[in-house]
Amino acid sequence: MDKQRQFRQQVKTVYRLLLVVFAMVGLITVAGIYLIADPSLSAFKKTTTESEYITTSKEEDDDSIENGVHVRTGLIDAEGLMTVVNNCTNCHSSKLVIQNRMNRERWIATIRWMQETQNLWDLGGNEEIIVNYLVTNYPPNKKGRREVLTDIEWYELQD
């Protein structure tokens, strides 16, 4: 009987040890989940009270012109540039303007489409300035076939 009592005592000790280990793992898991849900309670958070300021780089805030190009937008420097920047880049990137090359009618039709479907405001007198700028600086590209190859020494393929 003595061995049986000793065995039971060992089983109880192991059982208690396992309970303690599982309880600790459970507490750590619950604490981890709580810290993930509410990280403000973390002991590892920053304790400094310094204010963080959002700063813009010089390029983002700069309306300078380099090599005939507006630095911030990449648009060509010409009459009406700032009207285009102020009216067009509020809603979309200037790259959208640069990649679309159209004639006067198409630019006006695009503006009307934006007014009807994209909530573009009435441009008033600025519309003529904008269209003139776009037609002058971003007209349609004439795409055609490549030039005929000349001065080429052709050879016959052999079987």
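Placed above this text is the structure.
Heads up: these notes are all about the structure in this document. (Residues numbered from 1 in each chain as written. Predicted model: local features only at pLDDT ≥ 70, side-chain atom pairs only at ≥ 80, totals over all residues. Heavy atoms only, no water.)

1. Regarding the side chain of His 70
(1) Moving on: Relative to the elements of secondary structure, His 70 occurs in strand 2 (residues 69-70).
(2) Moving on: Here Thr 73 takes part through its side chain, which lies 2.7 Å from a polar atom of the side chain of His 70.
(3) Moving on: Here His 70 is in contact with Asp 62, Asp 63, Ser 64, Ile 65, Leu 75, Leu 81, Met 82 and Val 85, once residues within four sequence places are set aside. (Helix = DSSP H or I, 4+ residues; strand = E, 2+ residues; numbered from the N terminus. Polar contact = N/O pair within 3.5 Å; in protein donor to acceptor, adjacent residues only side chain to side chain. Contact = heavy atoms within 4.5 Å.)

2. Side note on the nonpolar core
(1) Moving on: Formed by 16 residues in total, the largest nonpolar core has its most connected members in Leu 75, Tyr 133 and Leu 134.
(2) Moving on: At the level of secondary structure, the elements contributing two or more residues to this core comprise helix 2 (81-88), helix 4 (104-117) and helix 5 (126-137).
(3) Moving on: Beyond its immediate sequence surroundings of up to four residues, Tyr 133 is in contact with Leu 75, Ile 76, Ala 78, Glu 79, Gly 80, Leu 81, Val 84 and Tyr 138. (Core = buried A, V, L, I, M, F, W, Y, C linked by side-chain atoms within 4.5 Å. Buried < 20%, exposed > 50% of the residue type's maximum accessible area, 1.4 Å probe, protein only.)

3. Concerning the packing of helix 2 against helix 5
(1) Moving on: Contact pair helix 2 / helix 5: the axes reach a minimum separation of 9 Å and the direction vectors enclose 110°. Between helix 2 and helix 5, the crossing angle belongs to the class labelled roughly perpendicular. Counting all contacts with helix 2, which are made through Leu 81, Thr 83, Val 84, Asn 87 and Cys 88, the residues of helix 5 involved are Asn 126, Ile 129, Ile 130 and Tyr 133.
(2) Moving on: Across the contact of helix 2 with helix 5, the residue classes tally to six nonpolar, three polar and no charged. (Axes fitted to C-alpha atoms, helices over the stretch in contact; angles between N-to-C directions. Parallel < 35°, antiparallel > 145°, perpendicular 65-115°, else oblique. Nonpolar A, V, L, I, M, F, W, Y, C, P; charged D, E, K, R; others polar.)

4. Here we look at the packing of helix 4 against helix 5
(1) Moving on: Running from N to C, helix 4 and helix 5 cross one another at 130°; their axes reach a closest spacing of 9 Å. Of the possible angle classes, the one that applies to helix 4 and helix 5 is oblique. Judged by the twist between their axes, the crossing of helix 4 over helix 5 is right-handed. Taking contact as the criterion, the partners of Arg 104, Trp 107, Ile 108, Ile 111, Arg 112 and Gln 115 in helix 4 are, on helix 5, Glu 127, Glu 128, Val 131, Asn 132, Leu 134 and Val 135.
(2) Moving on: Residues of the contact of helix 4 with helix 5, tallied by class, amount to six nonpolar, two polar and four charged. (Left-handed = near helix turned anticlockwise from the far one by under 90°.)

5. What about helix 4?
(1) Moving on: With 14 residues, helix 4 extends 20 Å from end C-alpha to end C-alpha; this agrees with the ideal 20 Å at 1.5 Å per step.
(2) Moving on: Directly beyond the C-terminal end of helix 4, a positive phi value near 65° is found at Asn 119. (Expected span 1.5 Å × (residues − 1).)

6. Quick look at the packing of aromatic side chains
(1) Moving on: Going through the model one piece at a time under the given rule, you end up with one aromatic pair.
(2) Moving on: Aromatic side chains Tyr 133 and Tyr 138 sit 6.2 Å apart centroid to centroid with 55° between the ring planes, which places their arrangement in the tilted category.
(3) Moving on: Assessed through its relative accessible area of 2%, Tyr 138 is described here as buried. (Phe/Tyr/Trp six-rings, centres within 6.5 Å; stacked < 30°, edge-to-face > 60°.)

7. Details of a nonpolar patch on the surface
(1) Moving on: On the surface, a cluster of nonpolar side chains totalling about 320 Å² of accessible area is made up of Val 14, Leu 18 and Phe 22.
(2) Moving on: Looking at the secondary structure, you find Leu 18 in helix 1 (residues 2-37). (Patch = residues over 30% accessible without salt bridge, like charges linked within 9 Å, V, L, I, M, F, W, Y side chains within 5 Å. Areas by Shrake-Rupley, 256 points an atom, 1.4 Å probe, with all protein chains shown as cover. Salt bridge = Lys/Arg side-chain N within 4 Å of Asp/Glu carboxyl O.)

8. A closer look at unusual backbone geometry
(1) Moving on: The residue Asn 67 is not glycine, and still its phi comes out positive at about 55°.
(2) Moving on: Take Asn 67: it is sitting in the loop between strand 1 (65-66) and strand 2.

9. A closer look at helix 2
(1) Moving on: By the criterion of burial, helix 2 is predominantly enclosed, with six of the eight residues buried.
(2) Moving on: If you follow the buried residues of helix 2, they end up packed against strand 1, strand 2, helix 3 (94-99) and helix 5.

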